[in-house]
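Coordinates in review
Spelled out, the chains give:
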Amino acid sequence: MSMKSEFLRILEERGFIHQATDLRALDTELAVGSITAYIGFDATASSLHVGNLLQIMMLYWLQQTGNRPLVLIGGATTKIGDPTGKDESRKLLMNEEIQQNIESLSRVFKRALTFGDGPQDAILLNNADWIDKLNYADFLRDYGTHFTINRMISFDSVRTRLERQHPMTFLEFNYMILQAYDFLEFQRRYDCRLQMGGADQWGNIINGVELVRRIAHKTAYGLTTPLITTASGAKMGKTSQGAVWLNADKLPAFEYWQFWRNTEDQDVGRFLRLFTTLPITDIQQLEKLQGAEINEAKKILADYATAFIHGEDAVREARATAQKLFEAQGSTLEDTALPSLSISHEELERGIPIIDLFCRLALSSSRGEARRLIEGGGARLNDVQITDEGMVITVSVFEVQPILKLSAGKKRHGLVKEED
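Right, let's walk through the structure included here. (Residues numbered from 1 in each chain as written. Predicted model: local features only at pLDDT ≥ 70, side-chain atom pairs only at ≥ 80, totals over all residues. Heavy atoms only, no water.)

Note that Ile 300 resides in helix H15 (residues 294-310). Taking the C-alpha atoms as reference points, Ile 300 and Asp 282, 18 residues apart in sequence, are found 11 Å from one another. Among residues more than four places away in sequence, those in contact with Ile 300 are Leu 278, Leu 286 and Arg 319. (Helix = DSSP H or I, 4+ residues; strand = E, 2+ residues; numbered from the N terminus. Contact = heavy atoms within 4.5 Å.)

Scanning all chains against the criterion turns up 16 aromatic pairs. The interplanar angle of 55 degrees and the centroid separation of 4.9 Å between the aromatic rings of Phe 41 and Phe 109 together place this pair among those described as tilted. Here Phe 109 lies in helix H4 (residues 95-112) and Phe 41 lies in strand S2 (residues 36-42), a separation of 68 residues in the sequence. The exposure class of Phe 41 is buried, given its relative accessible area of 5%. Summarising the aromatic geometry, the rings of Trp 260 and Phe 275 are spaced 5.1 Å apart at their centres and angled 50 degrees between planes, so their arrangement reads as tilted. Taken together, the residues span a long stretch of sequence, with Trp 260 in helix H12 (residues 253-261) and Phe 275 in helix H13 (residues 268-275) at a distance of 15 residues. Of the residues examined, Trp 260 reaches a relative accessible area of 0% and is grouped as buried. By relative accessible area, Phe 275 is classed as buried at 2%. Members of the aromatic cluster, joined through ring pairs, are Tyr 38, Trp 130, Phe 183, Phe 186 and Tyr 190. The ring of Trp 245 has Lys 250 lying over it, and the distance from NZ or CZ to the ring centre is 4.2 Å. (Phe/Tyr/Trp six-rings, centres within 6.5 Å; stacked < 30°, edge-to-face > 60°. Buried < 20%, exposed > 50% of the residue type's maximum accessible area, 1.4 Å probe, protein only. Lys NZ or Arg CZ within 6 Å of the ring centre and 35° of its normal.)

Right, let's talk about the packing of H12 against H15 for a bit. Orientation of H12 relative to H15, taken along the N-to-C sense of each, is 140 degrees, at an axis distance of 8 Å. When the axis of H12 is compared with that of H15, the two are oblique. Crossing angle aside, the handedness with which H12 passes H15 is right-handed. Taken together, the residues of H15 that come into contact with H12 (itself represented by Ala 253, Tyr 256, Trp 257, Trp 260 and Arg 261) are Asn 295, Lys 298, Lys 299, Leu 301, Ala 302, Asp 303, Ala 305, Thr 306, Ile 309 and His 310. Classifying every residue of the contact of H12 with H15 by side-chain character gives eight nonpolar, three polar and four charged. (Axes fitted to C-alpha atoms, helices over the stretch in contact; angles between N-to-C directions. Parallel < 35°, antiparallel > 145°, perpendicular 65-115°, else oblique. Left-handed = near helix turned anticlockwise from the far one by under 90°. Nonpolar A, V, L, I, M, F, W, Y, C, P; charged D, E, K, R; others polar.)

With that settled, consider the sheet that holds strand S12 (residues 384-385). Strand order across the open sheet formed by five strands is S9-S15-S14-S11-S12, with mixed pairing between neighbours. Each edge of the open sheet is held by one strand with a lone partner, namely strand S9 (340-343) and S12. In the sheet, S9 pairs with strand S15 (residues 412-418) via four bridges, with the strands oriented parallel. Residue pairing for S15: Ile 343 is matched across the bridge by Glu 418. (Pairing = 2+ DSSP bridges.)

On to the pattern of salt bridges, then. According to the stated counting rule, one finds 16 salt bridges in the structure shown. Residue Asp 303 pairs with Arg 319 through a salt bridge whose shortest N-O separation is 2.7 Å. In this pair, Asp 303 sits in helix H15 while Arg 319 sits in helix H16 (residues 312-327), placing the two residues 16 residues apart along the sequence. According to the relative accessible area criterion, Asp 303 is buried, its value standing at 15%. A salt bridge links Asp 313 to Arg 316; the nearest nitrogen and oxygen atoms lie 2.3 Å apart. Within this pair, Asp 313 and its partner Arg 316 are both found in helix H16, separated by three residues, close to a single helical turn. When sorted by exposure, Asp 313 lands in the same class as Arg 316, which is exposed. Through salt bridges with shared partners, a single network forms among Asp 138, Arg 141 and Asp 142. (Salt bridge = Lys/Arg side-chain N within 4 Å of Asp/Glu carboxyl O.)

Okay, here's the thing in structure tokens:
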């Protein structure tokens, strides 16, 4: 359908829309006035990852089109753990760790959105502020009758878990009830009418829409984004090294830039639509590029995606690092943004196994993985293939070259130098 509202028109042409409860009615409301909408994120880690970026981009476009975004970080629901898409219960975190994660997660939102007291300014909220105050017996009496076991086990998040014969605890079963209650709380406090999220949240969102209708007698909407996979079929944001984190303390900005730079050719146009703010007309020109020219489009994708999360300075540094990495040698590498490691003179006198350096630079997750990397021919020292997994780095190596570059494959690198 052709959208009348600017917000949904942008989402539609860029590929964000997967499911919606009543898209036509939502479009009509957005076409005549602004709306308040929210997305929830649990604080299960100190950083979000690229898989969450789609939702952050939706909040960005929501605000850019004159609407108000609410960002919910689930300080209370994190204590339970969303069972969606999981075969096992999540690790339960202590309150102190959850609070530390909330503070860390908030940095990304403050870069992507404008916060304040204005009618379109974003608000960062923690559901512990109301869930922790609930009286359990009163909550069950007032809201428990609106949820049936029959309906709850029909949702994919529950049914799939049970079909695989993996146990679901009563604690986890409460998650979707509390998420629905969050939507009701937002409707009461902020006249919030829309909850957005990933495709895996559809069942949870539907529960909230229905609870708002039954308790507040208000019309509410739900909207989800599709599951994003790469052209090769891999889940977006997952690499052989693990998740692609958004916080620089979990993944250096250069490696984040490099992740986007290495996008598959077939994905460039789609990812430019979803993960950058480039005008559609510019994207249409870039996705026409073929052969070696498509690499320029990949660099633009990397630039915009990195600037959105890390800022323009990080992009300039990443560009400079990439150029020096492939065009320069020796001490000029010291000015790059690659992961680096400084080794004391005393430790070098004793000697350090090369496989330990790969682990300490996070180029390998274990000594066994480092050995397999060397055996497979993917490990290099100063661009020369390492063939001896027993190689030991000593002081004498640094007498020849002051900085060593270790490489795991063609895309991941790190630097080692002697402490001053």
